[in-house]
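Structure at a glance
Now for the letters of each chain:
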Amino acid sequence: QVQLVESGGGLVQPGGSLRLSCAASGSIFSIRDMGWYRQAPGKQREMVAVITAGSSTNYSDSVKGRFTISRDNAKKTVYLQMNNLKPDDTAVYYCNAELVVRGTHRVDDYWGQGTQVTVSS
């Protein structure tokens with residue numbers, strides 16, 4: 001069984017910073033892309049940032065220059081450093097990983113349970 005466990009959400013004032021972490025555990029053979037997505041009330045889930053196994057990154061235009069995604073392959077963990085947060089960043093943030101479970105030969109999509117980020121004064 002594979003799990004993605006997120007941490008680091010919370011309440012922060014505009015202009016503040018938060019760092020999200022997401023650790024993958026279980027019977028994992030390999031991890032490909034890892035990423036962060038978010039969903040605000042009444043809106044569809046959207047991509048925030050993605051990082052490949054080789055550490056190439058892609059960001060949504062709304063967070064470029066403010067957010068940084070990184071990963072530690074040895075720890076099977078992906079991070080999202082969020083700086084200069086704005087009220088529009090308020091959402092539930094979800095971790096995603098494309099990975100191969102041991103004993104299989106396919107790439108499956110896994111999601112974390114989500115962590116709330118609220119930016120408000």
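Before reading further, recall that the structure is shown in the block above.
On a predicted model such as this, the values are computed, not experimentally measured, just so you know.

One pair of aromatic rings is described through two measures. These are the centre distance and the angle between the planes. Here the structure, examined in full by the defined rule, presents 1 aromatic pair. Against the face of Tyr79 rests Arg19, its NZ or CZ located 4.1 Å from the ring centre. The side chain of Arg45 reaches across the aromatic face of Tyr94, ending 3.8 Å from its centre.

A complete count under the given rule lists 1 disulfide for this structure. A sulfur-sulfur distance of 2.1 Å marks the disulfide that ties Cys22 to Cys95. The disulfide joining Cys22 to Cys95 has a torsion of about -80 degrees about its S-S bond and is therefore left-handed. Of this pair, Cys22 sits in strand S3 (residues 18-25) while Cys95 sits in strand S9 (residues 91-101), placing them 73 residues apart in sequence. Cys95 sits in the buried class, given a relative accessible area of 0%.

Criteria and thresholds
Residues numbered from 1 in each chain as written. Predicted model: local features only at pLDDT ≥ 70, side-chain atom pairs only at ≥ 80, totals over all residues. Heavy atoms only, no water. Phe/Tyr/Trp six-rings, centres within 6.5 Å; stacked < 30°, edge-to-face > 60°. Lys NZ or Arg CZ within 6 Å of the ring centre and 35° of its normal. Disulfide = S-S within 2.5 Å. Helix = DSSP H or I, 4+ residues; strand = E, 2+ residues; numbered from the N terminus. Buried < 20%, exposed > 50% of the residue type's maximum accessible area, 1.4 Å probe, protein only.

Everything listed here is a matter of geometry and, on its own, says nothing about what the molecule does.
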